[in-house]
Amino acid sequence: MPSHDDLDDAQALIASSAPASAPAPERRIRPRTTQREGRVVGQPGFVLHSYPYKETSLIVDMFTRDHGRVGLVAKGAKRPLSKLRGVLQTFQPLSVSFSGKSELRTLIDAEWVGGMLPLEKTALLCGFYLNELLVKLLARDDKHPALFDHYVSTLNQLAHGEPAQIVLRKFERALLKETGVAADLGRCTTTRAPVEPEASYVVDPERGPRQAVVSDVWPVVSGKCLIDMERDDYADPATLAQSKQLMRFLLAHHLGGQPLNTRQILIDLMQL
């Protein structure tokens, strides 16, 4: 089990890198957004990470439902009596208002919405991993409402004790799909035939699966693993083990060599 020091380290690492139970009940945050003259009011959002800006302010990386990942200047948020000081916390559902049209907007207001269980222990570290993925793989101002809903669902599943390995694999796959870089895992790119469950494959990050050969250095997985992943079915222990290696390889490619600090902590602590 991760210690409090491990979780603190995870938060610091994210900041420094700026740029089979029953289904758990879910609360989805529905937008109440109005927009005029560059002002957005009542937008559902989550803090991905924040870091100091000048003496009393913060720059906040916020994941919003209808505006994607946005950078916000929270003026005076570090002051002891600031309303924002206790509100801008990770994994807390917020309703945020901001203005501006530049890459960094100004945070006008943020209110805690509530209705979600807090993340604790291992689930908390998994949450930091999700946030690091979003910071490093999502471009600013790209709208991803479906991914936002998936993020809320994933936080709920982690908070309710769903198996972390399965929850993370599903989110990683959804993230690659939403950003347009996930190949169809159910069809071989060289033959255009459906993937065969008993055959062995490697996955070209830019094209998709092809049958494995002896000289391959990429992770080799079974066709059944690829079919299961396409269906979001991780009940087979072999699929779960192979998908972990495959997703680690694919994410590393699409990250362009950027290290995932929280991923390494998770590997060290619990082999996720």
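Residues numbered from 1 in each chain as written. Predicted model: local features only at pLDDT ≥ 70, side-chain atom pairs only at ≥ 80, totals over all residues. Heavy atoms only, no water.

As for the sheet that holds strand 7 (residues 200–204)
Our working rule: By definition, two strands form a pair when at least two bridges between them are found by DSSP. Only DSSP runs of H or I reaching four residues or more are called helices, and only runs of E reaching two or more are called strands; each is numbered from the N terminus.
The three strands are arranged 8-7-9 in an open sheet whose pairing can be described as antiparallel. The open sheet has two edge strands with one neighbour each: strand 8 (208–211) and strand 9 (221–222). Here strand 7 pairs with strand 9 via two bridges, running antiparallel. Note on strand 9: the bridge partner recorded for serine 200 is serine 222.

Some thoughts on the confidence of the model for the protein chain
This is how the line gets drawn: Per-residue confidence from the predictor is given as pLDDT, running between 0 and 100. When checking whether two residues touch, look at their non-hydrogen atoms; a contact exists if any pair is within 4.5 Å.
Confidence in the prediction for the protein chain averages 87 pLDDT; 84% of positions are at 70 or higher. Confidence drops under a pLDDT of 50 for residues 1–36, and excluding neighbours within four residues, the segment shows 77 contacts in the predicted structure.

Examining the packing of aromatic side chains
In this description, an aromatic ring pair is defined by two values, namely the gap between the centres and the angle between the planes. Let me state the cut-off plainly: Only Phe, Tyr and Trp rings take part, Trp by its six-membered ring, and two of them pair if their centres are within 6.5 Å. Stacked means planes under 30 degrees apart, edge-to-face means over 60, and tilted covers everything else. Each residue is placed in one exposure class: buried if its accessible area under a 1.4 Å probe, protein chains only, is under 20% of its type's maximum, exposed if it is over 50%, and partly exposed if it falls in between.
Tallied over the full model, the rule gives seven aromatic pairs. Seen from their ring centres, tryptophan 218 and phenylalanine 249 are 5.6 Å apart, and the 45° between their planes marks the pair as tilted. Of this pair, tryptophan 218 sits in the loop between strand 8 and strand 9 while phenylalanine 249 sits in helix 6 (residues 237–254); the two residues are 31 residues apart in sequence, bridging distant segments of the chain. A residue is classified by how much of its surface remains accessible, and tryptophan 218, at 28% relative accessible area, is partly exposed. Taken together, Phe46, Phe63, Phe148, Tyr151 and Phe171 form an aromatic cluster joined through their ring pairs.

As for the environment of glutamine 242
Tracing the chain through its elements places glutamine 242 in helix 6. The partly exposed category is assigned to glutamine 242, whose relative accessible area is 24%. Spatially, the C-alpha atom of glutamine 242 lies 8.1 Å from that of serine 222, the residues being 20 residues apart in sequence. Excluding its chain neighbours within four sequence positions, the residues that come into contact with glutamine 242 are Val221, Ser222 and Cys225.

Some remarks on the packing of helix 2 (residues 121–137) against helix 4 (residues 164–178)
As a reminder, the rule being used: In this analysis an axis means a line fitted to C-alpha atoms, helices contributing only their contacting stretch, and an angle means the value between N-to-C directions, from 0 to 180 degrees. If an angle is under 35 degrees, it is roughly parallel; if it is over 145, roughly antiparallel; if it lies from 65 to 115, roughly perpendicular; otherwise it is oblique. The nonpolar class holds Ala, Val, Leu, Ile, Met, Phe, Trp, Tyr, Cys and Pro. Asp, Glu, Lys and Arg form the charged class, and all remaining residues, Gly among them, are polar.
The interhelical angle for the contact between helix 2 and helix 4, taken along N-to-C directions, is 10°, at an axis separation of 11 Å. Considering their axes alone, helix 2 and helix 4 lie roughly parallel with respect to each other. Counted together, Cys126, Tyr129, Leu130, Leu133, Leu134 and Leu137 of helix 2 and Ala164, Leu168, Phe171, Glu172 and Leu175 of helix 4 form the full contact between these two elements. A breakdown of the residues in the contact of helix 2 with helix 4 according to their chemical character gives ten nonpolar, no polar and one charged.

Examining the pattern of salt bridges
Heads up, the condition is: Whenever Lys or Arg places a side-chain nitrogen within 4 Å of a carboxyl oxygen from Asp or Glu, that contact is recorded as a salt bridge.
Applying the stated criterion across every chain, the model contains 13 salt bridges. With a closest N to O distance of 3.5 Å, aspartate 66 and arginine 65 form a salt bridge. Assessed through its relative accessible area of 13%, arginine 65 is described here as buried. The residue arginine 210 makes a salt bridge to aspartate 216 at a minimum N-O spacing of 2.7 Å. Under the relative-accessibility criterion, arginine 210 is labelled partly exposed at 23%. Overall, aspartate 216 belongs to the buried group, its relative accessible area being 17%. Each member of the salt-bridge network shares a partner with another, and the members are Asp61, Arg69, Glu103 and Arg140.

Re the nonpolar core
Filter applied, for reference: Residues belong to one nonpolar core when they are buried, are Ala, Val, Leu, Ile, Met, Phe, Trp, Tyr or Cys, and are joined through side-chain atoms within 4.5 Å.
Leu134 and Tyr151 are the most contacted members of the largest nonpolar core, which has 51 residues in total. Those elements that provide at least two residues to this core are strand 2 (39–53), helix 2, helix 3 (145–159), helix 4, strand 7, helix 5 (223–230) and helix 6. At eleven residues, the largest contribution of residues to this core is made by helix 2. Once residues within four sequence positions are removed from consideration, leucine 134 is found in contact with Leu48, Phe63, Arg69, Leu147, Tyr151, Phe171 and Leu175. Judged by nonpolar contacts, the second largest core, of 17 residues, contains Met62, Leu72, Leu84 and Leu88.

Here's the deal with the side chain of serine 97
Structurally, serine 97 can be placed in strand 5 (residues 94–99). Note on serine 97: relative accessible area 11%, which makes it buried.

Here's the deal with unusual backbone geometry
Excluding glycine, residues mostly have negative phi values, and the peptide bonds linking residues are mostly trans. Backbone geometry places lysine 121, a non-glycine residue, at a positive phi of 55°. Along the chain, lysine 121 turns up in helix 2. With a relative accessible area of 49%, lysine 121 lands in the partly exposed category. Positive phi values are uncommon outside glycine, yet aspartate 141 reaches one of about 70°. Examined against the element boundaries, aspartate 141 turns out to sit in the loop between helix 2 and helix 3.

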